[in-house]
Amino acid sequence: MLYTLRNEKLQITVSEIGAELQSIQTTGGREYLWQGDPTYWKDRALNIFPYVAIPTEGIYTYKGKAYPMPEHGFAPISRFYAVRQERDALELVLTDSAETLSQYPFRFSFVVGYRLCGARLEVTYRVQNKGEETMFFGIGGHPGFRLPLTEDTCFEDYYMEFFEPCKPWRVGFTESFFVNGSDTPFPLEMGRRLPLRHELFDHDAVILRHMAKAVTLKSDKTDASVTVEYPQMNYLGFWHTNCSDAPFVCIEPWASLPSRDGIVEDLACQSDLVALPVGETYTNTWSITIGENYEEK
């Protein structure tokens, strides 16, 4: 099932599977979200829960027992159910089940909320611990954006510009995309800009820490842009399909990282996971703002 929200500037479509965005269009009809061409990447805007990327050997442990966990958790392939739907707002929920408990031994509810505010789309994650012990999880967003955004521009015309100067570090990964502990400084042009080129992603994603909390995908040749703000996220990833000319780029705000290289993580000991006490609720809001003049394109 698909849900549609709209206001005077934007219209979005959301699937019940994964509570995943399927479309972000302006009222003039321009599509900003990647449309899932399987030649490059079949997905569009994953909601990551309860683990970011893949654990070592595809498993983790908790209280001495090993559990399997798919890439980016089970949320992206799970059916969510609507608990609120209005013209410009939607909330979808996933709760624990026999299937989730076989992979993740915690009772929970995970709500993904969408709210349109002018040209801004707010995405809110709300996790409630409904069990009898502290629960541990990773969470994050994985939206892809079409690139180029306009027909008269090309991929290399675009860059990422942070809202303020910063000195981020790039998280070190192995070729299999496990954390290797070798983080390095990642200088930006003018302290703010990262020019885009396909070769940037030949060795998988660029994951940053200590970055500014908002970034804009833009070009000097068009007014079309995408701004992602992530005030509560510790990490930010940029990615497209490795060693390709993929016509999109993902901007991925994460609260935690994948497994360390060669270590099957104990979920209760992985230091960057969210630890949520019994009965409490974790809330994290990030946003996507579309920039253009909104006249018909």
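Structure report, in brief. (Residues numbered from 1 in each chain as written. Predicted model: local features only at pLDDT ≥ 70, side-chain atom pairs only at ≥ 80, totals over all residues. Heavy atoms only, no water.)

Here the focus is the state of the cysteines. A full pass over the atoms with the stated rule returns 0 disulfides. Sulfur of Cys250: no disulfide; nearest cysteine sulfur belongs to Cys243 and is 16 Å away. (Disulfide = S-S within 2.5 Å.)

Next up on the list: the pairing of strand β17 (residues 206–209). For strand β14 (residues 169–170) and β17, the ladder comprises 2 bridges, and the chain directions are antiparallel. Looking across to β17, one finds that Trp169 is bridged to Arg209. Where β17 meets strand β20 (residues 235–239), 4 bridges bridge the pair, whose relative direction is antiparallel. Residue pairing in the sheet places Val206 in a bridge with Phe238 of β20. (Pairing = 2+ DSSP bridges. Helix = DSSP H or I, 4+ residues; strand = E, 2+ residues; numbered from the N terminus.)

With that out of the way, let us pick up the sheet that holds strand β13 (residues 158–162). Overall, antiparallel pairing links the 9 strands, which are arranged β7-β8-β9-β10-β23-β19-β18-β13-β16 in an open sheet. At either end of the open sheet lies a strand with only one pairing partner, and these are β7 (81–85) and β16 (193–195). For this sheet, the mean angle separating the axes of adjacent strands, direction not counted, is 20°. (Axes fitted to C-alpha atoms, helices over the stretch in contact; angles between N-to-C directions.)

The next point concerns the nonpolar core. If you look at the biggest cluster of nonpolar residues, it comprises 76 residues, and the most contacted ones within it are Phe49, Tyr104 and Phe162. Considering each element in turn, this core owes the most residues, 5 residues, to strand β9 (residues 108–117). Ala53, Phe177, Ala205 and Trp239 belong to the second largest nonpolar core, which has 19 residues in total. (Core = buried A, V, L, I, M, F, W, Y, C linked by side-chain atoms within 4.5 Å. Buried < 20%, exposed > 50% of the residue type's maximum accessible area, 1.4 Å probe, protein only.)

Glancing now at the sheet that holds strand β21 (residues 248–254). Spatially, β4-β12-β21-β20-β17-β14-β15 is the arrangement adopted by the 7 strands of the open sheet, whose pairing is antiparallel. The outermost strands of the open sheet, each flanked by one partner alone, are β4 (45–48) and β15 (184–185).

Attention shifts here to the pairing of strand β1 (residues 2–6). The two faces of a sheet get side chains in turn, since along a regular strand they alternate between them. Residues Tyr3 and Leu5 of β1 are buried on one face, while the alternating residues Leu2, Thr4 and Arg6, pointing to the opposite face, are not. Of the strand pairs in this sheet, β1 and strand β2 (residues 10–15) are connected by 5 bridges, and their pairing is antiparallel. Bridged to Leu5 within β2 is Ile12. Count of turn residues in the β1/β2 antiparallel hairpin: 3 residues.

With that out of the way, let us pick up the pattern of salt bridges. Between side chains of opposite charge, pairing is possible as soon as their charged atoms come close. Taken as a whole and assessed by the stated rule, the structure comprises 16 salt bridges. Among the ionic pairs, Asp96 bridges to Arg107, the shortest N-O distance being 2.8 Å. One end of the pair, Asp96, is in the loop between β8 (89–95) and α1 (98–101); the other, Arg107, is in the loop between α1 and β9, with 11 residues separating them in the sequence. A relative accessible area of 45% places Arg107 in the partly exposed class. One salt bridge in this structure joins Glu161 and Lys218, with 3.2 Å as the shortest N-O distance. (Salt bridge = Lys/Arg side-chain N within 4 Å of Asp/Glu carboxyl O.)

So, on to unusual backbone geometry. The residue after Phe49, namely Pro50, is reached through a cis peptide bond having omega 0°. Looking at the element boundaries, Pro50 is found in the loop between β4 and β5 (59–62). Put simply, Leu147 and Pro148 share a cis peptide bond, and its omega is 10°. Relative to the assigned elements, Pro148 resides in the loop between β12 (140–146) and β13. If you check the backbone angles, His210 has positive phi at about 60° while not being a glycine. Mapped onto the secondary structure, His210 falls in the loop between β17 and β18 (214–219). Residues other than glycine seldom take positive phi values, yet Cys243 does so here, at roughly 50°. Its relative accessible area of 58% is what places Cys243 among the exposed residues.

Coordinates in, geometry out; function isn't part of it.
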